[in-house]
Amino acid sequence: MITPEPHELADLVRQLHAAGTPWLPAGLASRLSWGPAVQGPVTVVSCRSLNRILDHAVGDFTVTVEAGTPLRELQDALRSKHQWLAIDWPWGSEADGAGAGSIGGLVARGLAGGLCHRYLGVRDQLIGIGLMRADGVAARAGGKVVKNVAGYDLMRLFTGSWGSLGLITELTLRTTPQPPQRLGLLLQGSIEPLDGLRRWLLRSSLTPELIDWWSPALSRQAAREPLNALLLSLASVSAEALADQSVEIQRRAEALALHCQPLDQERLEALRAVALGERGALGETGDQGWLLRLGLLPSHAAALLAERGLRDLPLVLGSGSGLGFAWAPADALPAYRVEELRRLCQKLGGFLTVLEQPSPRALPAWQDAPSRPLIEAVKREFDPKQQLARGRLPGVQARPSPCA
Ligand SMILES: Cc1cc2nc3c(=O)[nH]c(=O)nc-3n(C[C@H](O)[C@H](O)[C@H](O)COP(=O)(O)OP(=O)(O)OC[C@H]3O[C@@H](n4cnc5c(N)ncnc54)[C@H](O)[C@@H]3O)c2cc1C
C-alpha cells in the first residue's frame, strides 16, 4: 500500500497513469475487501495522510475535510461545537465509532443506516467535492454554500462509486445541530399490528429520527424475545416534546396489543450497536461470514419479514427507506438461501448486494443494473485506461476471475 503525502499525490497518480498501472483508491483500508474482488495485481493508494479538517463554518452548518480523515475524529470535532454529521456508524464499527473508517470511504461506498429516515443519505449531505482524476488532474464540484448546486451530478456520481471513477481528496458536508436528548422505544409483536403502527406513525405529525424493522433473530441477538420488532429513536431539543411523543406512541402500541419497552439513551445506543454489527456479530469462529445489503419498496418490508425462512436471520430494515442489512456466520447460511433471498428482494421491487461472503466467493456481489451501458460509458469517460478498481464497478456484474 502506498500512502502519499498530500503534495506527492498528483505526481504519483500521473506516474501510475503514464505506466497504465492498475490501482485502487483507499481510505483507511478498513473495508477494502468488501464487495467484488478487485482483479489484481493492484497498487493500493491510501488517503491516510489527507487527514485535516480544513474549515468548520459553525454558523453555516458546513464542514470541509480531507478525505482520509477518520469519521470518528470528524464527529468528535463537530460534537465539541454541538453539531454532528447525521449518519450512522458504518456496519461493523465499535459502538464509539472506532474502526469506522474515513469520511472519503464513507462517501465512496455511499451506504447509510436507519438514520436516513430523517436525515437522508450521505450524498444528500454532500455539498462539495474535490477529486483526483485517473490522469492526475485535480477537479472540484459544488462549494461550501448549502444552496450551491453546480457540479451536483459529479457529487452524486462519486457517492457509491467504490473507488472506480477517481480518488476523492476533499469533501464539504452539511452538518446538523446535535439534539441534546434522545429516547427509544422497542415495540414487539406480530407483523400486522407492527405494520399498522408503522403506517400510523408515518401519517402522524410525530418525527422519529429512526424507525427500523428488526427480525426475530436480531431481537434474540440483542437479548430480547425472539419476535419481530420496530426500534424507534426519538430526538428533540425539548425533553417535554420527547416525553409527549413517547407517551403517544406507547398508547397506540397498547391499543394494538404490542409489547412496548421504553429505552433511555444508553439502552437505545446499546441496541443500535447490535443492529450495526458490533464485534462478534458474524460469529467467533474467525471465518468470514455473510454480510448482505438489502433494499426493497418500503411498503413491502412486512411481506419480507413474514417469510418463515427469515426468522433465523438477523436483519434490520429502515421502514421509510426499505434499505437494510442482514448477516450470518458462514456455517449458518448456505449460498442457495442467499440466492433465494436475492430473488425475493427482486420480486419485492428491490435488490440484494453481497458485501461479505465466505470464501471461495460463490455469488456475484451485485448483478447487472438495467443502466449497465450507461455506467460503463461513464467509467470509460473517467478512467479510459480502466486502471481503477478493476472488476469492481457498481451495477456491473463482475466476470469470474482466478482471484475471486
Ligand atoms: C450504516 C452504514 C453501514 C455501512 N456498511 C458498510 C458495509 O457493510 N460494508 C462496507 O464496505 N461499507 C459500509 N459502509 C460504508 C463505510 O462507511 C465505508 O466502508 C468505510 O467508511 C470505509 O472507510 P475506509 O477509509 O476504511 O475505506 P477503505 O476500506 O479504504 O475503502 C472502502 C471503499 O471506498 C473506496 N475509497 C476509500 N477512500 C476513497 C477515496 N478517498 N476516493 C475514492 N474511493 C475511496 C475504496 O476503493 C473502497 O471501495 C457503511 C456505512 C454506513 C453509514
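All figures in this text were calculated on a predicted structure; none of them were measured in a lab.

Rules and cut-offs
- Residues numbered from 1 in each chain as written.
- Predicted model: local features only at pLDDT ≥ 70, side-chain atom pairs only at ≥ 80, totals over all residues.
- Pairing = 2+ DSSP bridges.
- Helix = DSSP H or I, 4+ residues; strand = E, 2+ residues; numbered from the N terminus.
- Axes fitted to C-alpha atoms, helices over the stretch in contact; angles between N-to-C directions.
- Contact = placed C-beta atoms within 7 Å.
- Near = placed C-beta within 6 Å.
- Nonpolar A, V, L, I, M, F, W, Y, C, P; charged D, E, K, R; others polar.
- Core = buried A, V, L, I, M, F, W, Y, C linked by C-beta atoms within 7 Å.
- Buried ≥ 20, exposed ≤ 12 C-beta atoms within 10 Å, placed from the backbone.
- Domains from an automatic or database assignment.

Student: Any chance you could explain the sheet that holds strand E12 (residues 228-236) here in plain terms?
Tutor: Note on sheets: strands pair through backbone hydrogen bonds, and any given pair is parallel or antiparallel. Strand order in this open sheet of eight strands is E13-E10-E12-E11-E15-E16-E14-E17, and the pairing throughout is antiparallel. Looking at which strands have only one partner, the edges of the open sheet turn out to be strand E13 (259-263) and strand E17 (351-356). Taking each pair of neighbouring strands and ignoring which way they run, the sheet shows an average axis angle of 20°. Of the strand pairs in this sheet, strand E15 (residues 315-318) and strand E16 (residues 323-328) are connected by three bridges, and their pairing is antiparallel. Within E16, the position partnered with Val316 by the bridge is Phe325. Contacts from helix H11 (residues 335-347) reach strand E14 (290-295) and E17 within the one sheet, and its direction differs from that of E17 by about 145°.

Student: I would appreciate a short explanation of the environment of Ala138 in the present structure.
Tutor: Relative to the elements of secondary structure, Ala138 occurs in strand E7 (residues 138-142). Here the alpha-carbon distance between Ala138 and Gly121, two residues 17 residues apart in the chain, equals 26 Å. Excluding residues that lie within four positions of it along the chain, Ala138 makes contacts with Ala10, Gly130, Leu131 and Met132.

Student: Whenever I open this one, the site of the ligand confuses me. Can you help?
Tutor: The environment of the ligand is made up of 33 residues, and the closest members are Gly27, Gly101, Gly105, Gly113 and Gly163. Those elements that provide at least two residues to the shell around the ligand are strand E1 (23-26), helix H3 (103-109) and strand E8 (167-174). With five residues, H3 is the single largest residue contributor to the shell around the ligand. Considered class by class, the residues forming the shell around the ligand number 22 nonpolar, eight polar and three charged.

Student: I'm lost on the pairing of strand E10 (residues 181-189) in this one. Help?
Tutor: Two faces, one strand: in a regular strand the side chains alternate between the faces of the sheet. The sheet contact formed by E10 and E12 spans nine bridges and is antiparallel. Bridge pairing links Leu187 to Leu230 in E12. Pairing of E10 with E13, which is carried by five bridges, proceeds in the antiparallel orientation. Across the sheet, Leu187 pairs through a bridge with Cys260, a residue of E13.

Student: Where do I start with the nonpolar core in this structure?
Tutor: Side chains that are nonpolar tend, in soluble globular proteins, to be buried together. Formed by 100 residues in total, the largest nonpolar core has its most connected members in Val107, Ile168, Leu171, Leu187, Leu230 and Leu292. At six residues, the largest contribution of residues to this core is made by E12. Once you skip the residues sitting within four places of it in the chain, Leu187 turns out to touch Leu194, Leu197, Ala229, Leu230, Ala253, Leu258 and Cys260.

Student: For this particular structure, what's the right way to read the environment of Pro314?
Tutor: Tracing the backbone through its elements, the reader meets Pro314 in the loop between helix H10 (301-305) and E15. Each C-alpha atom of the pair Pro314 and Ser215 lies 5.9 Å from the other, and the pair is 99 residues apart in sequence. Apart from residues lying up to four places away in sequence, Pro314 is in contact with Ser215, Ala217, Leu218, Gln221, Ala326 and Trp327.

Student: What exactly am I supposed to notice about the domain arrangement of the chain here?
Tutor: For an interface, size is often stated in terms of accessible area lost upon the parts coming together. The domains assigned to the chain are domain 1 (50-177), domain 2 (181-275) and domain 3 (290-356). The C-alpha centroid of domain 2 is placed 29 Å from the C-alpha centroid of domain 1. On the domain 2 side, the residues contacting the five residues of domain 1 number seven residues. Of the residues assigned to the side of domain 1 that touches domain 2, the class counts are two nonpolar, two polar and one charged.

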